[in-house]
Amino acid sequence: MEKTLPPLTPGTLYLVATPIGNFEDITLRALRTLKESDVIAAEDTRRTGQLLRHFGISKPLLSYFQFNEARRSEEIIERLRHGEKVALVTDAGSPGISDPGERVVRASLNARFRVEAVPGPCALVAALTASGLPTGEFHFAGFLPHKSGQRRKKLAELKSVSGTLVLYESPYRIGKLLAELNEIFPNSFVVLARELTKKFEEFLRGKPEELLELARKRSLKGEFVVLIRNSPSCRSRQ
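Quantities reported herein were computed from a predicted structural model and do not represent experimental measurements.

Throughout the structure, instances matching the rule amount to three aromatic pairs. Seen in terms of ring centroids, Phe 140 and Tyr 168 are 4.9 Å apart; in terms of plane orientation they differ by 65°. Their pairing is edge-to-face. Of the two residues, Phe 140 is situated in strand S6 (residues 138-143) and Tyr 168 in strand S7 (residues 164-169); the sequence distance between them amounts to 28 residues. By relative accessible area, which is 26% here, Phe 140 ends up partly exposed. For Tyr 168, a relative accessible area of 10% puts it in the buried group. With a centroid separation of 5.6 Å and 65° between ring planes, the pair formed by Phe 143 and Tyr 168 is classed as edge-to-face. Remark: Tyr 168 occurs in strand S7 and Phe 143 occurs in strand S6; sequence separation between them is 25 residues. With a relative accessible area of 40%, Phe 143 lands in the partly exposed category. Taken together, Phe 140, Phe 143 and Tyr 168 form an aromatic cluster joined through their ring pairs.

Listed below in structure tokens is the structure:
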């Protein structure tokens, strides 16, 4: 006899992780949560709409992104106050990890509403586990500041961090980052993980100087997870 799954809890904010590239990575629990929620707050309603249509889900969508977080958080709290079940999703991965979500989570908890994570795809975990670098201790710094002075200052601060250092970077700044790593982390071992879970997924490994030379020879596209290990013993080129 099939076990009956418990219904979603009214007045709860659900943080639903969505695929970072491959639709097959969505979980059964995520699909059920999206289907049973009263409204879905999305970073990009068009992108989330594509995901929902792919799985035959039709739900009201509410835009929730960096520049309307404060106003939308208030609206979401009001919906929770009326007993609605609200699912929060971002363009890809887990809400709140270098994406909108942290503010509404804090507001919901301060208002004494329940917050529940629906875990799933995460670029950080996918890249780290397949990088070949130590996973026992790591430091995630997300996206670096855009301005050169602030970036260099942040990288200098991160040089003292123990374990594997993990960053996110866009294809438009990956060359700039490699040049900065070559100057600040010249003897480190770096792994570039790009297009994770997609058709052209690729892991590039080497010293900053080697990867910088590669970036000059070919166009590196897609979103990147950059992993840095200062220890000279980590020279895996799997």
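On we go.
This part is about the nonpolar core. Residues Leu 167, Leu 181, Leu 192 and Val 226 are the most contacted members of the largest nonpolar core, which totals 20 residues. The set of elements that each furnish at least two residues to this core consists of helix H6 (148-158), S7, helix H7 (174-184), strand S8 (189-194), helix H8 (208-217) and strand S10 (224-229). Top contributing element to this core by residue count: H7, with five residues. The residues touching Leu 167, leaving out its near neighbours within four places in the chain, are Ala 141, Gly 142, Leu 144, Leu 155, Leu 158, Leu 177, Phe 224, Val 225, Val 226 and Ile 228. Among the nonpolar cores identified, the runner-up in size contains 16 residues, and Ala 127, Phe 189, Val 191 and Val 225 belong to it.

To continue, consider the pairing of S7. Taken residue by residue, a regular strand's side chains alternate between the two faces of the sheet. With six of its six residues buried, S7 lies for the most part within the structure. Burial along S7 is two-sided: Thr 164, Val 166 and Tyr 168 and Leu 165, Leu 167 and Glu 169, pointing in opposite directions, are all buried. Relative to S7, S6 runs parallel, the two being bridged by five bridges. Within S7, the residue paired with Phe 143 across the bridge is Tyr 168. Read from S6 through H6 to S7, the crossover connection turns out right-handed. When S7 meets S10, the two strands line up antiparallel, connected through five bridges. Opposite Val 166, over in S10, you have Leu 227 as the bridge partner.

What counts and what doesn't
- Residues numbered from 1 in each chain as written.
- Predicted model: local features only at pLDDT ≥ 70, side-chain atom pairs only at ≥ 80, totals over all residues.
- Heavy atoms only, no water.
- Phe/Tyr/Trp six-rings, centres within 6.5 Å; stacked < 30°, edge-to-face > 60°.
- Helix = DSSP H or I, 4+ residues; strand = E, 2+ residues; numbered from the N terminus.
- Buried < 20%, exposed > 50% of the residue type's maximum accessible area, 1.4 Å probe, protein only.
- Core = buried A, V, L, I, M, F, W, Y, C linked by side-chain atoms within 4.5 Å.
- Contact = heavy atoms within 4.5 Å.
- Pairing = 2+ DSSP bridges.
- Right-handed = clockwise from strand over helix to strand, strands pointing away.

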